[in-house]
Amino acid sequence: RRLLRSCEDKAGKIFDAKFNSNDELHSQEKLIKLSEGCDGILSALTDKLDAATINKLPESIKILSNFAVGFGNIDLDAAKKRNIIVTNTPDVLTDATAEIGILLILGACRRAPEGIEAAKESNWKWSADYLIGKQLTGTRLGILGMGRIGQAVARRAKGFGMSIHYHNRNKLHSEIESELEATWWESLDQMISRMDIISINCPHTEATHHMIGSNQLNLMQKHSYLVNTSRGEIVDEKSMTDHLISGSIAGAGLDVYENEPKIDPRLKKLKNVVLLPHIGSATIEGRVAMGEKVIINIKTVADGHTPPDLVLETLI
Ligand code: DGY
């Protein structure tokens, strides 16, 4: 995909690079064809590098440098079998993504979409019971996936007076746990059933696919909210939409969707959801730093070294 001009200029100076100047969404066939004669691919989350595609890549490909912290678009096993290195862009978009998480929590709890629409259409008048939302102070936030981004969300949420709970494969180091005053839940289901807000911050892998399915949605409390800034595939979008429509959960804040850029049309009609178009990492600071990272990862591999952001599949 097309990157920021400054990043492409730099890549063009360092590598013999082929760019996607029309920012096309390449088909798998085209990706394979375009990679002929190349040593690496700088991919984006919209490039589906599944096993069938990876198996057909030319022998010369040594690295898939993903312009994202997420890597659910790449079949890691297939890459490993072909000895192709996979890298991502961690750290540099942690704060940006956590900020969007907080925006969605606030937006959903304080009914921002309804307020914005009413203000723009001038069809409102103040009254004591108008657009009553939920205050964050004292609410219980359950974070699914307490890696870098989950912890950054927790830090911010703590500032709003929320109590922090998390489900992660491993318990956090005790120092971080006490800094965040965070409570670890070994059971996702038990955590879900006791929270006011659930924030999804784990990577999308085979193990996390539809981790929030109808069973988990059924466990959520009627007054609770679901926020997802990670990957749409972690949530069963159809089931979540059914729950939002029936009112069995109070609302949702979403930056990611199961079939991007498509969004379940029923979701778009709902008042109790805040919908954003996958902009979690879309800050100038984030994009510039992501560009630096993809270049550094490719250059390091080209120079025969282990890249700094080697992806080792981590489950939550
Ligand atoms: C990421 O880096 O995974 C983001 O979702 C891309 O915007």
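Residues numbered from 1 in each chain as written. Predicted model: local features only at pLDDT ≥ 70, side-chain atom pairs only at ≥ 80, totals over all residues. Heavy atoms only, no water.

Peer 1: So, the nonpolar core: which residues are in play, and what are the values?
Peer 2: Ranked by internal contacts, the top residues of the largest apolar core, which has 35 residues, are Ile105, Leu141, Ile143, Met146, Ile164 and Ile197. Elements with a contribution of two residues or more to this core: α1 (5-14), α5 (94-109), β4 (140-144), α7 (148-159), β5 (163-167), β8 (225-228) and α13 (284-302). No other element matches the 7 residues that α5 contributes to this core. Those residues in contact with Ile105 that lie beyond four places of it in its chain are Leu136, Leu141, Met162, Ile197 and Val227. Counting 26 residues, the second-largest nonpolar core is a separate cluster that includes Leu144, Leu217, Ile234 and Leu270. (Core = buried A, V, L, I, M, F, W, Y, C linked by side-chain atoms within 4.5 Å. Buried < 20%, exposed > 50% of the residue type's maximum accessible area, 1.4 Å probe, protein only. Helix = DSSP H or I, 4+ residues; strand = E, 2+ residues; numbered from the N terminus. Contact = heavy atoms within 4.5 Å.)

Peer 1: Outline the pairing of β8, supporting the account with residue identities and numerical values.
Peer 2: What you see with β8 is no split at all: Tyr225 and Val227 on one side and Leu226 and Asn228 on the other are buried throughout. As paired elements, strand β7 (residues 197-200) and β8 share 4 bridges and run parallel to each other. Residue pairing across strands places Ile198 opposite Leu226, the latter belonging to β8. The parallel pair β7 and β8 is bridged by helix α10 (residues 214-219), and the resulting crossover is right-handed. Two elements, β8 and strand β9 (residues 251-254), share 4 bridges in a ladder whose sense is parallel. When the sheet's bridge partners are listed, Leu226 is paired in β9 with Ala252. Each parallel crossover has a hand, and the one from β8 via helix α11 (residues 237-246) to β9 is right-handed. (Pairing = 2+ DSSP bridges. Right-handed = clockwise from strand over helix to strand, strands pointing away.)

Peer 1: Describe the side chain of His243, naming the residues involved and giving the relevant values.
Peer 2: Following the sequence through the fold, His243 ends up in helix α11. Take His243: its relative accessible area is 9%, and that puts it in the buried class. A polar atom in the side chain of His243 sits 2.8 Å from the side chain of Asn218. There is a polar contact of 2.8 Å between the side chain of His243 and the backbone oxygen of Ser239. Setting aside anything within four residues of it in sequence, one finds His243 in contact with Ser214, Leu217, Asn218, Ser248 and Ile249. (Polar contact = N/O pair within 3.5 Å; in protein donor to acceptor, adjacent residues only side chain to side chain.)

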